[in-house]
Amino acid sequence: MAFALAILLVAILACHSESRPRSDKSFDDICHLVSGKTADEVEAILGKPNTREKLAVGDWRWVWWNYTFLKGDNYPPEVRDKPVHLEIMFSSQAQVPDSQWRVGGPLAVSYAFPQVPTTGAL
């Protein structure tokens, strides 16, 4: 009985830790923190992103998986406090090193919901 209870406790803790965002800062807080910052400054604030993607238009998109959460009445209750991926777009109008590219305006910081993998056929 004690062994089964210990297994159940470990399973609950494992599930709970997976559903927590990596940052204690909300999406809106991060938007304010990185607004107008360079790529180097953003990396110093948030840490290294999980992916960096050069887009066809020449901009960069960085993604931090399960990094932040949505907080407040502006978001529906069913998505509040759940982890979301943080996406930041960097752009530059001048010939400067990639590290000096800036967060490209108010729509440059966004989020995406993690996809739940499906297994097997119905």
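Quick note: structure is the one above.
Everything quoted here is computed from the prediction, not taken from an experiment.

(A) Structural detail: the pattern of salt bridges. Evaluated as defined, the whole model comprises three salt bridges. In this structure, the salt-bridge partner of E43 is R52, at a minimum N-O distance of 3.1 Å. Look at R52 and you get partly exposed, because its relative accessible area is 38%. A salt bridge links D73 to R80, with the nearest nitrogen and oxygen atoms 3.9 Å apart. Assessed through its relative accessible area of 71%, D73 is described here as exposed.

(B) Up close: helix α3 (residues 39–46). The set of residues buried in α3 consists of A39, V42 and L46. Each buried residue of α3 sits inside an arc of 60° when the element is viewed along its axis, so together they form one side. Where α3 is buried, its residues meet α2 (27–34), β2 (60–69), β3 (83–91) and β4 (102–103). Just past α3, the residue G47 takes up positive phi, approximately 95°.

(C) Focus on the pairing of strand β1 (residues 51–54). Sheet analysis places β1 next to β2, joined by four bridges and oriented antiparallel. The residue bridging K54 from the neighbouring strand is W60, located in β2. Joining the antiparallel neighbours β1 and β2 is a turn of five residues, in which G58 adopts a positive phi near 100°.

(D) Molecular detail of the environment of L33. Along the polypeptide, L33 turns up in helix α2. Considered as a pair, L33 and L46 are 13 residues apart in the sequence and their alpha carbons are 9.5 Å apart. In this view, L33 contacts K25 and I45; residues no more than four positions away in its chain are not counted.

(E) Spotlight on the packing of aromatic side chains. Tallied over the full model, the rule gives six aromatic pairs. Measuring from centroid to centroid gives 6.3 Å for W64 and Y67, while their planes differ by 55°, and the two rings are tilted. An identical accessibility class is assigned to W64 and Y67; each is buried. An aromatic cluster of at least three residues, connected via ring pairs, comprises F27, Y75, Y111 and F113. Sitting above the plane of the W62 ring, R52 keeps its charged end 4.3 Å from the centroid.

Calculation criteria
Residues numbered from 1 in each chain as written. Predicted model: local features only at pLDDT ≥ 70, side-chain atom pairs only at ≥ 80, totals over all residues. Heavy atoms only, no water. Salt bridge = Lys/Arg side-chain N within 4 Å of Asp/Glu carboxyl O. Buried < 20%, exposed > 50% of the residue type's maximum accessible area, 1.4 Å probe, protein only. Helix = DSSP H or I, 4+ residues; strand = E, 2+ residues; numbered from the N terminus. Arc of directions from axis to C-beta. Contact = heavy atoms within 4.5 Å. Pairing = 2+ DSSP bridges. Phe/Tyr/Trp six-rings, centres within 6.5 Å; stacked < 30°, edge-to-face > 60°. Lys NZ or Arg CZ within 6 Å of the ring centre and 35° of its normal.

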